[in-house]
Amino acid sequence: MKPYFQEREKKMLVAAEQSKPSIKITDHIYAGNSANMRNGDTKIQVERFSFRYGANKVLKDVSLNVRAREVTSIIGPSGCGKSTLLRCFNRMNDLIAGTRADGNILIEGQDIYDPRVDVVELRKKVGMVFQKPNPFPKTIFDNIAYGLRINGIRQKSEIIQRVEQSLRDSALWEEVKDRLTDSGLSLSGGQQQRLCVARALAIQPEIVLMDEPASALDPIATAKLEELIVRLKEKYTIVIVTHNMQQAARISDKTAFLMQGEMVEFGVTKDIFTKPTKKITEEYITGRFG
Amino acid sequence: MIKILDRIFKYIGIGAVLLGLIVLAVLVLDVVRDGFPRLTWDFFTSYPSSKPEQAGILSAWVGTLWIMLTTAALTIPLGIGAAIYLEEYAPKNRWTDFIEINIANLAGVPSVVYGILGLGLFVRALHMDRSVLAGSCTLALLVLPIVILSTREALRAVPSSIREAAYAVGATRWQAISGQVLPAAFGNILTGIILAMSRAIGETAPLVTLGALTYIPFLPTPPVSVSPSFPYVNFSLKGLLDPFTVLPIQIFNWVSRPQKGFLICAAAGIIVLLIITLCLNGAAIYLRHKHQKNW
Ligand SMILES: Nc1ncnc2c1ncn2[C@@H]1O[C@H](COP(=O)(O)OP(=O)(O)O)[C@@H](O)[C@H]1O
Ligand SMILES: [Mg+2]
């Protein structure tokens, strides 16, 4: 694996940074003054953001605003860069060699691609649920406790309490409370995915990213997960990638339609689905391609 | 026509397999017939002797145990550490490619060469003499490439989704490796280590080259001893610097004696060595199956 930043890019960024008046990075940014963030305040601000894998530019000047405690969905044909965009919000793409980001992503006003940003802290604040359920090959309990432990929580009683809380929050508690020491892999696909949600929630992030979280699930498990997402909106800001138009329409407040790496249309979900401004959006949501 | 060829090759193949198995079976049967009656309690508790009826493998199996434990203690941390570095931390450049190619090549170097290296480096230059430590260091070098390669394989087999999951809850790289990747790879790593050990246990050539003695009528200083006065229990690593012999060398020595009685001793020793190797390989196979995961 490559270091998080290619040396050259790091230098460029540092140089660019020095020409700006420097902002003082204080802890409050990540300690979360978010508790007093009102619903509807801008949580994630994407400004003319581009991203490439080597020479392959997959995001082109994308801009959008994600508001606090809303569900924002990203839709678009497969390969258009939905996952890439989502994985930029917690800098998961840093793990891939030879990538490059231009433009800004601000989370609560802080540029997350600033070289001084601690990605580990960033990811504690921006949780993620992946497309394919990926529980750790450990017990159900340890799947959640791991995140707590690496976040410095040592007290057994607190770990136990927070494992239970996050399993309740992810609507899995009733199904697993008697088998917490079973392997996480022994659960059904839908349960595994809710375990992954619980794992993300346990460390109390402010934003939860979900990449087609229902794509490997049956309709009943999907319905449960959707219900869960809508409920989570009370506490969390959620960005969800989905290829399922009905799902986007059902659960999200805002919808972003991405095509070939460009933001075609972004707005209130109801408007996008009832009166899209672009013809291509209409064609896509009515299923004429994609 | 093609069908006939096909059939001919099939029979040649079966014949080749059967031939190997039959030869092996005959050898094992022969050894067991000769050696089995010799496998008494005394055989395990007696030192070698000039009289075949009284000779035993005490110093040999204790020496083997010493060598194996010391080799494991040296190889496991070094091998796993090197593998983690190469697999998880090292930048991918020409320098690391060069290291990788060399490790792969080292795994194929004949073991006598390691013996010569051990003789020059450990026995002579570092003045370890023909000690347990010198033998273990030499064997550790010999199996290190195997441990590194198999550990890297094991780490690579852990799906990236597990790493991503760890990073996504705010793990640092070391937290992801130590908390998730290593435990997930544990079974495969252990399998590799056991196979490396079962290779080391049968090695004769490098130890002979080192000059390991064949007639040792005493044991290395025991690591734990009890005394009647304070502090009652004593720990000592002095045994590491004592001379040693091991099972394959003892067997090799007996086989080269003219008396028929020593051949029987050798057969009995071979049975012991075979059983240990079988157990190790069995454990490796068992672990491999047990830890096969469907992620
Ligand atoms: N790890 C990667 N390395 C190189 N190219 C990638 C990688 N991941 C995705 N891509 C490319 O980026 C484009 C967008 O992929 P992705 O964001 O996964 O699309 P989506 O999630 O919308 O289906 C695709 O063309 C894909 O080939
Ligand atoms: Mg995708």
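Check the entry above for the structure.
The residue numbering used here restarts from 1 in each chain and proceeds along that chain's sequence as written. Chain labels run from A onward and ligand labels from 1 onward, assigned in the order the entries are written. In keeping with the predicted nature of the model, local features appear solely for residues at pLDDT of at least 70, side-chain atom pairs appear and are counted solely at 80 or more, and the whole-chain, interface and lining totals rest on all residues. Side-chain calculation: all heavy atoms of the structure are included, whereas hydrogens and water are not.

Caption draft 1: Spatial organisation of the side chain of glutamate 108 of chain A. Secondary structure counts use DSSP, requiring at least four H or I residues in a row for a helix and at least two E residues in a row for a strand, with both numbered from the N terminus. Considering the arrangement of structural elements, one finds glutamate 108 of chain A in the loop between strand 4 (99–107) and strand 5 (110–111). A polar atom in the side chain of glutamate 108 of chain A sits 2.6 Å from the side chain of lysine 43 of chain A. Pairs of N or O atoms are called polar contacts if they sit within 3.5 Å, as long as, within protein, a hydrogen donor faces a hydrogen acceptor (for residues adjacent in sequence, only side-chain-to-side-chain pairs).

Caption draft 2: Seen up close, the environment of isoleucine 207 of chain A. All names here are of chain A. With respect to the secondary-structure elements, isoleucine 207 resides in strand 7 (residues 207–211). C-alpha of isoleucine 207 to C-alpha of arginine 69: the two residues are 138 residues apart in sequence and 8.6 Å apart in space. By definition, residues are in contact when any of their heavy atoms lie within 4.5 Å. For isoleucine 207, the contacting residues outside a window of four places in its chain are Lys43, Ile44, Ile107, Lys125, Val126, Gly127 and Thr237.

Caption draft 3: Focus on the packing of aromatic side chains. Pairing of aromatic side chains here covers Phe, Tyr and the six-membered ring of Trp, requires ring centres within 6.5 Å, and sorts the geometry by plane angle: under 30 degrees stacked, over 60 edge-to-face, intermediate tilted. Throughout the structure, instances matching the rule amount to nine aromatic pairs over all chains. Centre to centre, the rings of phenylalanine 257 of chain A and tyrosine 284 of chain A are 4.8 Å apart; their planes meet at 20 degrees, and the pair counts as stacked. Taken together, the positions of phenylalanine 257 of chain A in strand 9 (residues 254–259) and tyrosine 284 of chain A in helix 12 (residues 279–285) put the pair 27 residues apart, joining distant regions of the chain. Accessibility assignment for this pair places phenylalanine 257 of chain A and tyrosine 284 of chain A in one class, buried. Taking 6.2 Å as the distance between ring centres and 85 degrees as the angle between the ring planes, the aromatic pair formed by phenylalanine 230 of chain B and tyrosine 232 of chain B counts as edge-to-face. Taken together, the ring pairs connect Phe49, Phe51, Tyr53 and Tyr113 of chain A into an aromatic cluster. Ring-over charges, as used throughout, are those where CZ of Arg or NZ of Lys falls within 6 Å of the ring centre and within 35 degrees of the ring normal. The ring centre of tyrosine 113 of chain A lies 5.1 Å from the NZ or CZ of arginine 91 of chain A, which sits over that ring. Remark: exposure states derive from per-residue accessible area (1.4 Å probe, protein chains only) relative to the maximum for the residue type, with buried under 20%, exposed over 50%, and partly exposed in between.

Caption draft 4: Highlighting the pairing of strand 7 of chain A. All names here are of chain A. Burial within strand 7 is extensive, with five of its five residues counted as buried. Residues Ile207, Leu209 and Asp211 of strand 7 are buried on one face, and the alternating residues Val208 and Met210, pointing to the opposite face, are buried as well. Of the pairings in the sheet, the one linking strand 6 (residues 126–129) to strand 7 comprises four bridges and is parallel in character. Note on strand 7: the bridge partner recorded for methionine 128 is leucine 209. Two strands qualify as a pair provided that DSSP identifies no fewer than 2 bridges between them.

Caption draft 5: Structural context of the interface of chain A and chain B. At the interface, 26 residues of chain A touch 25 residues of chain B. Take the accessible area each of two parts loses on contact, using a 1.4 Å probe, and add the two losses: that sum is the buried area. Summed over both partners, the interface of chain A with chain B buries about 2,100 Å², with 61% contributed by carbon and sulfur atoms. Here a salt bridge means any side-chain nitrogen of Lys or Arg lying within 4 Å of a carboxyl oxygen belonging to Asp or Glu. Counting the contacts that link chain A with chain B gives one salt bridge. Linking arginine 87 of chain A and glutamate 164 of chain B is a salt bridge whose minimum nitrogen-to-oxygen distance equals 2.8 Å. Linking chain A with chain B are five residue pairs in polar contact (both at pLDDT 80 or more). Looking at the side of chain A that touches chain B, the elements that each hand over two or more residues are helix 4 (119–125), strand 6 and helix 5 (140–150) of chain A.

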